[in-house]
Amino acid sequence: MAKTTAHHAESLIAALRSGDAAALETLYGVYREDFFRWAARRFEGTRQDFEDAWQDAVIAFYQQVRSGKIESLRHEARVWLFAVGYKRLLSNHRKLKRILWKDEIDDALLKGNPVGEAPFESAPTEQQQRLQSAMKALSPQCRDMLVQRYYQEQSIEDIRQEWDLQNANTASATLSRCLRRLKEIIQNTLNARV
Amino acid sequence: MEEKDIEQIERYFRHALEEEERAAFERRMAEDAGFAREVQLHGLAMEAIRMEGEALLRARLTQKGKQLDEQSPAPGRRKWLWAIPVVLLGAFAIWQLSRPLAPAGPAPAEPTPQAPAAPPAPPRDTLPQAPPSKEEPKARERTDAGGQERELFAAWFQPYRDDSLEPLVRGDGDATPEEHFYELYWKGQYRQALAAFDNLEPESKNKGDVRFLKANALLAVGNAREAIPLLESPGRTRFQAEAEWLLALAYLKSGQRDKALAQLNMVAANASSPRREAAQQVLKAMN
């Protein structure tokens, strides 16, 4: 059982690291209802509260795998995700209910910290709001291309193919132009503050 | 800022610098304020991109969640589904019981059902009726747009433009026909761009991006009739979302109000469309 769990977690991590978006959606879907039921037994909250916490958990997992912070898991991915969702609901001050029975996730939470530091952020700061506005000021194509290159870490060739650009140089030049534009907008925002 | 500096800054943020190189990089930041500013700006740009990426991911997962909910409603919702036919049957039974058993004298002019939700209105409110002005929808399907459609088109249409379309500066000879088309489009010379399109090779003419820009140029010169087929079948293009929006505007321009409404509703319902809010505003104006 432990070997199967480890193998499953390994293949999931490998899939996410290679940018397999379908693997992320599958992960999101396969434990979602389980999480809602599990969370509803432990917290007072609405379905939307649990949905938000679940999304935070899945996205945090994805980001930590992509950044290399998670290379392997001691438990199943489910345990990690549920623990993060739990922490999110706690940090949102959802009222805790009395737990009638405990499971492996409660045990993992009691024994230690299966997820390390809380991997999610609080509400966006003023600076982050300005950065969000800066992104919105870009064209949709520039936004998408920059996200593909710097967030999803797609190669220049993949981007060239997706956007049907003539060659890799054109793709690189377009990305450079978009990044330069983004920096100009951010710089203007900073100058306006002074 | 030189190209190699930009490349090094990118590697710094990817944690891809060797120890010595990183130490030299950080020393330079401490000594060179201009360089430090560039590094800071790059960091802020990466943060902006990260937040955008996360927002897109979140939207995608939300959409997935909705699909899952539609496929198998949550247990709590199943209870409500069972209640619906029960309530309907109950309302029907009450209404049946409240009707008179036999007509005594003239039939009442307006039967009033007792179901609490139904207003005491004449049958035409609950029975299907022919629309009062059957001629009106046909009248709307004119070849030229009515006043409101013209105004909405004029208010919302702008030939598509973004930084990725800006022509590259070539140092080596003449532009290709396709580059020439892009250049004319970029300069806003739409009639000339359309003429240049006619001179393209078939392979270029069939490219989705080129067809999309041609549709924009056609609309810019007022030719919605020819733009519509290009937008209805754009082919593979990175401007898919924009093409869907533009098609709605083209329908408006050509007076096809019903098609415009359907297309706008589709765009407005698409959480990932960059034109979602615009479509919602146009729909609001049309209603």
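Everything quoted here is computed from the prediction, not taken from an experiment.

Summing up its helical and strand segments, chain A has 10 helices and 2 strands in all. Sorting the 194 residues of chain A into buried and exposed places 47% on the buried side. Intrachain contacts of chain A at a sequence separation of at least 6 include 66% that bridge at least 24 residues. Just so you have it, chain A exposes about 10,200 Å², and 48% of that area is on carbon and sulfur atoms.

Right, let's talk about the confidence of the model for chain B for a bit. Residues and elements named next belong to chain B. For chain B, per-residue confidence averages 78 on the pLDDT scale, and 75% of positions sit at 70 or higher. Confidence scores differ between elements of chain B, with helix H5 (residues 135-140) showing the lowest mean pLDDT of 43 and helix H2 (residues 19-31) the highest of 93. Interface predicted TM-score (ipTM) for the complex: 0.83; the corresponding pTM is 0.55.

We now examine the nonpolar core. Ranked by internal contacts, the top residues of the largest apolar core, which has 64 residues, are A:Phe35, A:Trp54, A:Phe61, A:Leu81, A:Leu182 and B:Ile49. Leaving out residues up to four positions away in the same chain, A:Phe61 has contacts with A:Leu12, A:Ile13, A:Leu16, A:Leu27, A:Ile70, A:Leu73, A:Ala77, A:Trp80 and A:Leu81. Among the nonpolar cores identified, the runner-up in size contains 47 residues, and B:Leu165, B:Tyr190, B:Leu231 and B:Ala279 belong to it.

Let's shift gears to the state of the cysteines. Residues and elements named next belong to chain A. If you walk through the whole model with that rule in mind, you get 1 disulfide over all chains. Covalently, cysteine 142 is tied to cysteine 178 through a disulfide, its sulfur atoms 2.0 Å apart. A torsion of -70° about the S-S bond marks the disulfide between cysteine 142 and cysteine 178 as left-handed. Of the two residues, cysteine 142 sits in helix H8 (residues 140-150) while cysteine 178 sits in helix H10 (residues 168-193), which places them 36 residues apart along the sequence.

All right, on to the pattern of salt bridges then. Within the structure shown, the criterion is met by 28 salt bridges over all chains. Measuring nitrogen to oxygen at the nearest pair gives 2.3 Å for the salt bridge that ties A:Arg130 to A:Glu126. Linking A:Arg130 with A:Glu126, this pair stays in helix H7 (residues 126-136), spanning 4 residues, or about one helical turn. Close ionic contact of A:Glu184 with A:Arg181 constitutes a salt bridge, the shortest N to O distance being 3.2 Å. Here A:Glu184 pairs with A:Arg181, and both are found in helix H10, just 3 residues apart, close to one helical turn. Given the relative accessible area of 39%, A:Glu184 is considered partly exposed. Three or more residues are tied together by salt bridges with common partners; here these are A:Asp56, A:Arg88, B:Glu47, B:Arg50, B:Glu54 and B:Arg58.

Among the residues of helix H11 (residues 224-232) of chain B, those classed as buried are B:Ala224, B:Ala227, B:Ile228, B:Leu230 and B:Leu231. Residues of H11(B) that are buried in the fold lie against helix H10 (208-220) and helix H12 (240-253) of chain B.

Relative to the helices and strands, B:Gln280 is located in helix H14 (residues 276-286). Between the C-alpha atom of B:Gln280 and that of B:Ala269, which follows or precedes it by 11 residues, the distance is 8.7 Å.

What follows deals with the interface of chain B and chain A. Taken residue by residue, the interface counts 41 residues in chain B and 48 residues in chain A. When the two sides are added together, the surface that chain B and chain A hide from each other amounts to roughly 4,200 Å², 61% of it contributed by carbon and sulfur. Viewed at the interface, chain A and chain B are joined by 5 salt bridges. For the interface between chain B and chain A, the tally reads 11 residue pairs in polar contact (both at pLDDT 80 or more). For the side of chain B that touches chain A, the secondary structure elements donating two or more residues are helix H3 (33-71) and helix H4 (75-98) of chain B. Looking at the side of chain B that touches chain A, the element that brings in the most residues is H3(B), giving 23 residues. The class makeup of the residues in the side of chain B that touches chain A is 17 nonpolar, 5 polar and 19 charged.

Looking now at H7(A). All names here are of chain A. For H7, the full list of buried residues reads Gln128, Leu131, Ala134 and Met135. Along the axis of H7, the buried positions cluster into a sector of 110°, meaning they face one direction only. Exposed and facing more than 90 degrees away from the buried side of H7 are Glu126 and Lys136.

What counts, and at which threshold
- Residues numbered from 1 in each chain as written.
- Chains lettered and ligands numbered in written order.
- Predicted model: local features only at pLDDT ≥ 70, side-chain atom pairs only at ≥ 80, totals over all residues.
- Heavy atoms only, no water.
- Helix = DSSP H or I, 4+ residues; strand = E, 2+ residues; numbered from the N terminus.
- Buried < 20%, exposed > 50% of the residue type's maximum accessible area, 1.4 Å probe, protein only.
- Contact = heavy atoms within 4.5 Å.
- Areas by Shrake-Rupley, 256 points an atom, 1.4 Å probe, with all protein chains shown as cover.
- pLDDT = per-residue confidence, 0-100.
- Core = buried A, V, L, I, M, F, W, Y, C linked by side-chain atoms within 4.5 Å.
- Disulfide = S-S within 2.5 Å.
- Salt bridge = Lys/Arg side-chain N within 4 Å of Asp/Glu carboxyl O.
- Buried area = accessible area lost by both parts, 1.4 Å probe.
- Polar contact = N/O pair within 3.5 Å; in protein donor to acceptor, adjacent residues only side chain to side chain.
- Nonpolar A, V, L, I, M, F, W, Y, C, P; charged D, E, K, R; others polar.
- Arc of directions from axis to C-beta.

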